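This is what each chain is made of:
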Amino acid sequence: MIYPDRGAAGRALGERLEHLRAADPLVLGLPRGGVPVAAAVREVIGGDLDVLLVRKLGVPWQPELAMGAIGEDEVRVLNYDVMRHTGVSDDQLAAIEDMERAELERRRRILRASPPLPLKDRTVIIVDDGMATGATVAAGCEIARLHEPRRVVVAVPVSSVEALHRIRSVADEVVCPLVPRALGGVGGAYRDFHQLTDAEVVELLSESR
């Protein structure tokens, strides 16, 4: 199963989320790649669309491999298994975290044109374009819980088996149509997996409002 692009993946995902339509959900995309998926989910099931700002902490010599993630509200999640396996030092972790916090702040200034929509007592659907380790989505779940939503649902078009197992312990429901036995990378599930620009994300959010 290969998705043509993130929009197509979001529409396919939305069909799996029809049972949440009546809940008037708040669909939260993880920038950048999760936002077009989330926008397409919202087209299918309705509700509101916003972003949840999270940054992956990548291993210095293998940036796509997450050793943790940080997000708004000072949330920080570490994957100690990855850190042990790769031998990342505390100084290396601190350097990556400083860099990613600066990027998180930059994105907040650009993408937060208006205050975030309230999560309290809402059914929240956290959407990304896929999960390899699950660290970024786990951080997103922690951020969401701080705002006392009624329910936290994670929805992704593709995931590794390991990430799915990890996220099931922190979300009330996980929806994922594609779980290959071996996930070489999230991008392998898409024909078009281009790097989105801030402008593309801003446009999607502006259209939704």
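Residues numbered from 1 in each chain as written. Predicted model: local features only at pLDDT ≥ 70, side-chain atom pairs only at ≥ 80, totals over all residues. Heavy atoms only, no water.

## Topic: the sheet that holds strand β4 (residues 62–71)
Note on sheets: strands pair through backbone hydrogen bonds, and any given pair is parallel or antiparallel. The strand order across the open sheet formed by three strands is β3-β4-β5, and the pairing between neighbours is antiparallel. Single-partner strands in this sheet number two, and they are β3 (54–59) and β5 (76–78). This sheet shows a mean twist of 40 degrees between the axes of neighbouring strands, independent of strand direction. In this sheet, β5 lies alongside β4 in antiparallel orientation, the contact comprising three bridges. Paired with Gly68 across the strands is Leu78, a residue of β5. Docked against the sheet, helix α4 (residues 90–111) engages β3, β4 and β5, running at close to 155 degrees with respect to β3. The sheet strands contacting helix α5 (residues 135–146) are β3, β4 and β5, and the helix crosses β4 at an angle near 5 degrees. (Pairing = 2+ DSSP bridges. Helix = DSSP H or I, 4+ residues; strand = E, 2+ residues; numbered from the N terminus. Axes fitted to C-alpha atoms, helices over the stretch in contact; angles between N-to-C directions. Contact = heavy atoms within 4.5 Å.)

## Overview of the pattern of salt bridges
A pair can form between side chains of opposite charge whenever their charged atoms are brought close. Under the definition given, this model contains 20 salt bridges. Here Arg109 and Glu105 are joined by a salt bridge, their closest N and O atoms 3.9 Å apart. Of this pair, Arg109 and Glu105 both sit in helix α4, four residues apart, which is roughly one turn of that helix. Residue Glu105 is classed as partly exposed on the basis of its relative accessible area of 32%. (Salt bridge = Lys/Arg side-chain N within 4 Å of Asp/Glu carboxyl O. Buried < 20%, exposed > 50% of the residue type's maximum accessible area, 1.4 Å probe, protein only.)

## What about the layout of surface pockets?
Empty space among the atoms becomes apparent when a probe as large as a water molecule is rolled across them. The calculated volume of the largest pocket comes to roughly 1000 Å³. Residue lining of the largest pocket: 40 residues in total, with Lys56, Pro63, Glu64, Asp129 and Thr136 positioned closest to the centre. When residues of the lining of the largest pocket are traced back to their parent elements, those giving at least two are β3, β4, α4 and α5. Class assignment for the residues of the lining of the largest pocket results in 18 nonpolar, 13 polar and nine charged. (1 Å grid on protein atoms, 1.4 Å probe; cavity = no way out; pocket = protein on both sides within 12 Å on 5 of 7 lines; lining within 4 Å. Points joined across faces, edges and corners; volume = space filled by probe spheres on them. Nonpolar A, V, L, I, M, F, W, Y, C, P; charged D, E, K, R; others polar.)

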